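# Summary of structural features
What follows is the residue order along each chain.
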Amino acid sequence: MNLLENLAQSGPLLRGAVGRGHLRVLKSMLGPAFRGLIQQRGRHEPHTQMALGYSAVFDWRYQRTEPQLARLYEAAKVSQWNATKDLDWSISVDPEDPEKPIVPDSFLPLARYPGYQKLGAREKARQRHLVLAWMLSQFLHGEQGALFAACQVTEAVPWLDAKLYGSTQAVDEGRHVETFHRYLTEKLEKLYEINDNLYVIVDALMSDARWDIKFLGMQIMIEGLALGAFCHLRQHTQEPLLRQLLTFVITDEARHVHYGVLALQKFYETELNERERREREDWAFEVSLLLRDRFLAHEFYEEHWAHAMSRAEWDRYMLESETMALFRGTMFKRVVPNLKRIGLLSDRSRPRYAEAGLLQYEHLRAAPELTAKDLLEDR
Ligand SMILES: [Fe+2]
Ligand SMILES: [Fe+2]
């Protein structure tokens, strides 16, 4: 079997991209997919070195040309918080207390699965704990990617106001890495490795030389989804420290997505030709599918359910469960309106989003119209 076939069979994303004729997208994903799905580098190495190929842009004129970004920079400066002091780490957390579930059963896609329902109270509590740990571990790995992406974009973006804003985002993301890592290690005492498909996306963003692709992938897509996921989790948990922590993180992330929309809207309107715009449009769609379908907690499955059902059955169960449908909704409503706002949802791609069940979110409010309070209240 040649490499291309091997990759195509390993990744439904790639197979689909070939079918849809998105060959440029496929080409940009081949290296990351090989490293993530075949070599599983995020799992087998304590450190992974990724080669970065992009140019840093110095601005010697220091002109403040972007007032909306300047306002966001001011907002970021006065919204800084300190994870050590502003969160109450003295709160004790028992993630397996059957009397006080850390997340309710309804949070688990498995909740209605007869095999799960038959488990005793202790084992159910254990599974709730570990599903949460799996999810927060992926947040942590995503935050590390966001930290690096924020640094790279700060170097590569051409406008001074965007660079200044980016400097605050780097601090924010560093704090998020600190916070999630501390919660996982001190309170949940469990850390999962990076999911292979998340690795593919992070690797693709790091290794792509185009700053706007890093931005699109990180600020609009991963951060948008994470924002939805944080809000969903915050609504479902009663654990006070986790709620506190998510409230702070959500407030930061709302600014990051807002920044992504402002910067890319300007860049895509003024700097790209139609061929380049279409390429971004195709890229965003393929990544949407990957994000929609490929985060199925296989690491958790392997630990707890591999003896009871095949991976194909697990995937089908997860994808069809009501919980996952609800979760996908909460996430994509924070992505699709922003793709539309930056010009990547056109009559050309709309039917594909409709077919993927994602078009229904297009008329919701985009990031510039949403405050952190709206997000916290899930409006
Ligand atoms: Fe973050
Ligand atoms: Fe962020």
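Residues numbered from 1 in each chain as written. Chains lettered and ligands numbered in written order. Predicted model: local features only at pLDDT ≥ 70, side-chain atom pairs only at ≥ 80, totals over all residues.

## Some words on the overall build of the protein chain
Operational definition: Helix numbers and strand numbers start at the N terminus; a helix is a DSSP run of H or I with at least 4 residues, a strand a run of E with at least 2. As a reference, a globule follows 2.2 Å times the number of residues to the power 0.38, and the radius of gyration itself is taken over C-alpha atoms. The contact rule is simple: place each C-beta atom from the backbone, and if two of them lie within 7 Å, those residues are in contact.
When helices and strands are counted, the protein chain shows 18 helices and zero strands. Whereas a compact globule of 379 residues would reach a radius of gyration of roughly 21 Å, the protein chain reaches 20 Å, a difference of no more than 12%. Over its C-alpha atoms, taken along the principal directions, the protein chain stretches across nearly 65 × 55 × 40 Å. Sequence separation of at least 24 residues holds for 81% of the intrachain contacts in the protein chain that already meet a minimum separation of 6.

## A word on the packing of helix H3 (residues 23–38) against helix H9 (residues 196–207)
When two helices pack together, their arrangement is given by the angle between the helix axes and by the axis-to-axis distance. So the rule is basically this: Lines are fitted to the C-alpha atoms to define the axes, a helix being fitted only along its stretch in contact, and any angle between axes, read from their N-to-C directions, falls within 0 to 180 degrees. An angle below 35 degrees is treated as roughly parallel, one above 145 as roughly antiparallel, one from 65 to 115 as roughly perpendicular, and anything else as oblique. Crossing handedness is read from the near helix: turned anticlockwise from the far helix by less than a right angle, it gives a left-handed crossing, and turned clockwise, a right-handed one. Following the grouping adopted for this structure description, the nonpolar residues are Ala, Val, Leu, Ile, Met, Phe, Trp, Tyr, Cys and Pro, the charged ones are Asp, Glu, Lys and Arg, and the polar ones are all others, Gly among them.
Where H3 contacts H9, the two axes come as close as 8 Å, and the packing angle between them is 140°. Looking at the two axes, H3 sits oblique to H9. Read as a crossing pair, H3 and H9 show a hand that is right-handed. Contacts between H3 and H9 involve Ser28, Met29, Gly31, Pro32, Ala33, Arg35, Gly36 and Leu37 from the first element and Asp196, Tyr199, Val200, Asp203, Ala204 and Ser207 from the second. Across the contact of H3 with H9, the residue classes tally to seven nonpolar, four polar and three charged.

## Re the confidence of the model for the protein chain
For clarity, the threshold we go by: Across the chain, each position has a pLDDT score giving the predictor's confidence in that residue, from 0 to 100.
In this model, the protein chain carries a mean pLDDT of 89, and residues with pLDDT of at least 70 account for 96%. Summarising per-element confidence for the protein chain, the mean pLDDT is lowest in helix H1 (residues 3–10) (46) and highest in helix H8 (residues 160–188) (98). A low-confidence stretch, residues 1–6 stays under pLDDT 50, and its non-local contacts, those more than four residues away or across chains, total two contacts.

## Focus: the packing of H8 against helix H11 (residues 240–270)
Where H8 contacts H11, the two axes come as close as 10 Å, and the packing angle between them is 150°. In terms of axis orientation, H8 runs roughly antiparallel to H11. Crossing geometry of H8 relative to H11 is assigned as left-handed. Residues Ala162, Tyr165, Gln169, Asp172, His176, Thr179, Tyr183 and Lys187 of H8 touch H11, and the partners they reach there are Leu241, Leu242, Leu245, Val249, Asp252, His256, Tyr259 and Ala263. The class makeup of the residues in the contact of H8 with H11 is nine nonpolar, four polar and three charged.

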